[in-house]
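# Structural characterization, general
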Amino acid sequence: MKSRCSDCSGVVKGEAVMFGDRLLHPNHFRCSVCQLTIKSFFFCDEGQKPTCHACWKQRNPKCKKCQRFVSETYISAMNHNWHLGCFLCTVCAKPFPGGRFVEYHGKPYDLDCYWGLQLRKFINL
């Protein structure tokens, strides 16, 4: 029995791509979004469909702090997206109690650290 491409049903000879339980000619392994042939690095979307790097970048935001893709649960704050472990107080580097924070000069602060900064400024007048 000859192996057949899941896309075109043609016989697969030589190189092939195995994706899940599907056997494909290399030029039939396509991005589920743009339909271009995937030649190297790819991601799987929520439905376990192959997605090329360019389409993945468009669909998945980057974390404001570390600049890596955010593909899991994330926080949207201050008009940016953040990994849960990256959205921390600028001073103490701890998560925000109850999710409450203050934006000051474009950076997030928990309430204690923010008011501590304000108090120090007042004392140093």
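Scroll up to find the structure this text is about.
Let me begin by describing the structure that accompanies this report. (Residues numbered from 1 in each chain as written. Predicted model: local features only at pLDDT ≥ 70, side-chain atom pairs only at ≥ 80, totals over all residues. Heavy atoms only, no water.)

### Here we look at the overall build of the protein chain
Let me state the cut-off plainly: Put simply, DSSP marks the helices as runs of H or I at least four residues long and the strands as runs of E at least two long, and each gets a number from the N terminus on. Between the two quantities, the radius of gyration covers C-alpha atoms and the globule rule is 2.2 Å times the number of residues to the power 0.38. Burial here depends on accessible area, computed with a 1.4 Å probe over protein chains only, as a share of the maximum for the residue type. Under 20% is buried, over 50% is exposed, and the range in between is partly exposed. Two residues form a contact once any of their heavy atoms are found within 4.5 Å. The protein chains shown are the only cover counted for residues, whose accessible areas, like all others here, come from Shrake-Rupley with a 1.4 Å probe. When charges are counted, neither His nor the chain ends are considered; positive counts come from Lys and Arg and negative counts from Asp and Glu. Charged groups are reduced to one reference atom each: NZ for lysine, CZ for arginine, CG for aspartic acid, CD for glutamic acid.
Looking only at helices and strands, the protein chain features two helices and eight strands. Of the regular secondary structure in the protein chain, the N- to C-terminal order runs β-β-β-β-α-β-β-β-β-α. Relative to the globule expectation of 14 Å for 125 residues, the C-alpha radius of gyration of the protein chain, 24 Å, shows a markedly less compact shape. For the protein chain, the C-alpha atoms occupy an extent of roughly 85 × 20 × 20 Å along the three principal directions. The buried share of the protein chain, reckoned over its 125 residues, is 31%. Taking the contacts inside the protein chain whose residues are at least 6 apart along the sequence as the reference set, 8% of them involve residues at least 24 apart. Carbon together with sulfur atoms contributes 53% to the accessible area of the protein chain, which is approximately 9,000 Å² in total. Within the protein chain, one finds 18 positive and 9 negative side-chain charges whose respective centroids are separated by 5 Å.

### Brief notes about the layout of surface pockets
Test applied: A cavity here means a set of 1 Å grid points, computed over protein atoms only, where a 1.4 Å probe fits but cannot escape. A pocket is an open set with protein on both sides within 12 Å along at least 5 of 7 lines, and lining residues have an atom within 4 Å of a point. Grid points are joined across faces, edges and corners, and a volume is the space filled by probe spheres set on the points.
Its boundaries defined by the atoms lining it, the largest pocket holds a volume of some 170 Å³. Lining of the largest pocket is provided by Lys64, Lys65, Trp82, Cys86, Leu88, Cys89, Thr90, Ala93, Gly106, Lys107 and Pro108.

### Observations concerning unusual backbone geometry
The phi dihedral of methionine 78 falls on the positive side, at around 55 degrees, and the residue is not glycine. Topologically, methionine 78 is positioned in the loop between strand E5 (74-77) and strand E6 (80-83). A relative accessible area of 14% places methionine 78 in the buried class. Despite not being glycine, asparagine 79 has its phi angle at roughly 65 degrees, a positive value. Tracing the backbone shows asparagine 79 in the loop between E5 and E6. Residue classification places asparagine 79 among the exposed positions, given a relative accessible area of 80%.

### Side note on the environment of glutamine 67
Inclusion rule: Identification of polar contacts relies on pairs of N or O atoms within 3.5 Å, with a donor-acceptor requirement for protein atoms, meaning one able to donate a hydrogen and the other able to accept it, and with residues adjacent in sequence counted only if both atoms are side-chain atoms.
Counting through the fold element by element, glutamine 67 comes out in the loop between helix H1 (53-59) and E5. Under the relative-accessibility criterion, glutamine 67 is labelled partly exposed at 45%. In sequence terms glutamine 67 and leucine 111 are 44 residues apart; their C-alpha atoms lie 26 Å from each other. At 3.0 Å, the side chain of glutamine 67 and the backbone oxygen of lysine 64 are in polar contact.

### Points about the state of the cysteines
Stated formally: Throughout, disulfides are identified as pairs of cysteine sulfur atoms within 2.5 Å of each other.
Applying the stated rule across the entire model yields zero disulfides. Not engaged in a disulfide, the cysteine cysteine 34 finds its nearest cysteine sulfur in cysteine 55; these two sulfurs lie 3.8 Å apart. No disulfide involves cysteine 63; its sulfur sits 3.7 Å from that of cysteine 86, the nearest cysteine. Owing to a relative accessible area of 0%, cysteine 63 belongs among the buried residues under this scheme.

### A few points about the packing of aromatic side chains
Going by this rule: The rule is short: rings of Phe, Tyr and Trp, with Trp giving its six-membered ring, pair when the centres are within 6.5 Å, and they are stacked under 30 degrees, edge-to-face over 60, tilted in between. Counted as over-ring charges are cases with an Arg CZ or a Lys NZ within 6 Å of the ring centre that also lie within 35 degrees of the ring normal.
Under the criterion given, the structure shown has 10 aromatic pairs. Centre to centre, the rings of phenylalanine 87 and phenylalanine 101 are 5.0 Å apart; their planes meet at 90 degrees, and the pair counts as edge-to-face. Placement of the pair is phenylalanine 87 in the loop between E6 and strand E7 (102-104) and phenylalanine 101 in the loop between E6 and E7, with a sequence separation of 14 residues. Of the residues examined, phenylalanine 87 reaches a relative accessible area of 4% and is grouped as buried. For phenylalanine 101, a relative accessible area of 28% puts it in the partly exposed group. Taken together, Trp82, Phe87, Phe96 and Phe101 form an aromatic cluster joined through their ring pairs. When the ring centre of phenylalanine 69 is taken as reference, the NZ or CZ atom of lysine 62 above it lies at 5.7 Å.

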